[in-house]
Amino acid sequence: MKFEKPATENPIDQQKVVGWPRDRIDGPLKTSGQATYAYEWHDEAPNAAYGHVVGSAIAKGRIVAMDIQAAQQAPGVLAVVTAENAALPGKGDMNAATLLGGPEIEHYHQAIALVVAETFEQARAAAGLIAVEYEEAPGHYDLAQEKPSVTTPPEDTPDKTVGDFNSAFESAAVQLDATYTTPDQSHMAMEPHASMAVWEGDKLTLWTSSQMINWWRGDLAKTLDIPLENIR
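Position numbers for residues start from 1 in each chain and track the written sequence from start to end. Confidence filtering applies because this is a predicted model: local features only for residues at pLDDT of at least 70, side-chain atom pairs given and counted only at 80 or more, and all residues used for totals across whole chains, interfaces and linings. Processing note: side-chain calculations cover all non-hydrogen atoms of the structure and skip hydrogens and water entirely.

1. Some remarks on the overall build of the protein chain
To keep it simple, the criterion reads: Think of it this way: any DSSP run of H or I at least four residues long counts as a helix, any run of E at least two long counts as a strand, and we number them from the N terminus. Note on method: radius of gyration uses C-alpha positions; expected globular size equals 2.2 Å times residues raised to 0.38. Exposure classes here rest on a 1.4 Å probe applied to the protein chains alone. A residue is buried below 20% of its type maximum, exposed above 50%, and partly exposed in between. The Shrake-Rupley method, run with a 1.4 Å probe sphere, supplies the accessible areas, and residue values consider only the shown protein chains as cover. Residues scored as charged are limited to Lys and Arg (positive) and Asp and Glu (negative), so that His and the chain ends carry no count. A charged residue contributes its charge at one atom only: NZ of Lys, CZ of Arg, CG of Asp or CD of Glu.
For the protein chain, the helix and strand inventory stands at seven helices and eight strands. Relative to the 2.2 N^0.38 estimate, which gives 17 Å for 232 residues, the radius of gyration of the protein chain is 25 Å and therefore markedly larger than a compact globule would have. With respect to the principal axes defined by its C-alpha atoms, the protein chain has extents near 75 × 50 × 35 Å. Evaluated residue by residue, the protein chain yields a buried proportion of 20% over its 232 residues. Of the roughly 18,700 Å² that the protein chain leaves accessible, carbon and sulfur atoms contribute 54%. When the 16 positive and 33 negative side-chain charges of the protein chain are each reduced to one mean point, those points stand 9 Å apart.

So, in structure tokens, the structure goes:
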């Protein structure tokens, strides 16, 4: 990129938005409990059924047996969905694992069953009746020990190495060589992990919490093997 004339003032230089305290439009609603979350659009999707996810109790291995009969016969239960009886056709590009595991388990608490019932309480109670037998496999969980060595640059144009660091470091009057570690961090979302979905023929409308709508639409289309334009 070649600059042949001085840069003029841009919108950021005007400091009309960036750098000023601004109230979030959704702030008062969320802090007062009045925000409409994804699972609360009951006027748009009345009489919706409720689903409760059963997560894998192991991090790596496979499901040897799963007994869902008691859950299927529990009050209010409409269906028990597993990878065996309703295998999803595909996996999205942004998903590291299949959304419904089985028989292979790819990570801890991977969804292995979904109990659908008339009420949330019925779905949750029935989910506790599912008996799963696992065959655990050894895993590697220490990121410090399992960190792969980098032999090729991740970008098409790698950073350039300038100078002779090793010689400069060895001859420096003061040397500092330290390793810093950071513990695992997890953000705490205010909104529950829940979604609502309505099928109208072969078209799907989904209410969910997402910051990447195009990603979600694309991955959902591949997971369900339906046209992208059929998902709203």
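Once the structure has been displayed, the description carries forward.
2. What to know about the nonpolar core
Which entries qualify depends on this criterion: Working definition of a nonpolar core: buried Ala, Val, Leu, Ile, Met, Phe, Trp, Tyr and Cys residues. They are joined through side-chain atoms within 4.5 Å. Whether two residues are in contact is decided by their heavy atoms: any pair within 4.5 Å suffices.
Within the largest apolar cluster, 17 residues are counted, with the highest numbers of intra-cluster contacts made by Val54, Val77, Val80, Val115, Ala126 and Ile130. Put simply, the parts of the chain that give this core at least two residues each are strand 3 (77-82), strand 5 (111-117) and helix 4 (120-127). Counting residues per element, this core draws most heavily on strand 5, which supplies four residues. Filtering out sequence-adjacent residues up to four positions away, valine 77 remains in contact with Ala71, Gln72, Val115, Val116, Ala117 and Ala126.

3. A few points about the layout of surface pockets
Threshold: Lining residues are defined by having an atom within 4 Å of a point belonging to a cavity or pocket. Those points lie on a 1 Å grid over the protein atoms alone, cavities being sets where a 1.4 Å probe fits but cannot get out and pockets being open sets with protein on both sides within 12 Å along at least five of seven lines. Grid points are joined across faces, edges and corners, and a volume is the space filled by probe spheres set on the points. In the scheme used here, Gly and all other residues not listed as nonpolar or charged are polar, with Ala, Val, Leu, Ile, Met, Phe, Trp, Tyr, Cys and Pro taken as nonpolar and Asp, Glu, Lys and Arg as charged.
The space that makes up the second largest pocket amounts to roughly 220 Å³. Per element, the largest residue contribution to the lining of the second largest pocket is four residues, and it comes from strand 2 (residues 61-67). For the lining of the second largest pocket, the class distribution of residues is eight nonpolar, five polar and one charged.

4. Considerations on helix 7 (residues 213-224)
The following threshold applies: For a helix, the expected span equals 1.5 Å multiplied by the number of residues minus one.
Its twelve residues give helix 7 an end-to-end C-alpha distance of 16 Å, which sits within 8% of 16 Å, the value for a rise of 1.5 Å per residue. Taken residue by residue, helix 7 has Asp219, Ala221 and Thr223 as its buried positions.

5. Here we look at the sheet that holds strand 3
Pairing between the strands of a sheet comes from backbone hydrogen bonds, and it takes one of two forms, parallel or antiparallel. As a reminder of what qualifies: For two strands to be treated as a pair, DSSP must find no fewer than two bridges joining them. To get an axis, fit a line to the C-alpha atoms, keeping to the stretch in contact for a helix; angles then go from 0 to 180 degrees between the N-to-C directions.
Reading across from one edge, 1-5-3 is the order of the three strands in this open sheet, with antiparallel pairing throughout. At either margin of the open sheet sits one strand with a lone partner, and together these are strand 1 (50-55) and strand 3. Going across the sheet, the axis of each strand differs from the next one's by a mean of 20 degrees, ignoring polarity. Bridging between strand 1 and strand 5 involves six bridges; their strand directions are antiparallel.

6. Some points on the pattern of salt bridges
To be explicit about the condition: Definition used for salt bridges: Asp or Glu carboxyl oxygen within 4 Å of a side-chain nitrogen of Lys or Arg.
Applying the stated criterion across every chain, the model contains four salt bridges. Between arginine 62 and glutamate 104 there is a salt bridge whose closest N-O contact spans 3.4 Å. Of this pair, arginine 62 sits in strand 2 while glutamate 104 sits in strand 4 (residues 104-105); the two residues are 42 residues apart in sequence, bridging distant segments of the chain. Where salt bridges share partners, they join Arg24, Asp26 and Lys30 into one cluster.

7. A look at the confidence of the model for the protein chain
The cut-off we apply is this: Residue-level confidence of the predictor is what pLDDT reports, using numbers from 0 through 100.
When pLDDT is averaged along the protein chain, the result is 88; 93% of the residues meet or exceed 70. Ranking the elements of the protein chain by mean pLDDT puts helix 5 (residues 143-146) last with 66 and helix 3 (residues 69-72) first with 98.

8. Considering the sheet that holds strand 2
Ordered by their spatial adjacency, three strands build an open sheet running 4-2-6, and the pairing between neighbours is antiparallel. Here the strands that pair on one side only, and so sit at the sheet edges, are strand 4 and strand 6 (131-136). The pairing of strand 2 with strand 4 spans two bridges and is antiparallel. The residue bridging arginine 62 from the neighbouring strand is glutamate 104, located in strand 4.

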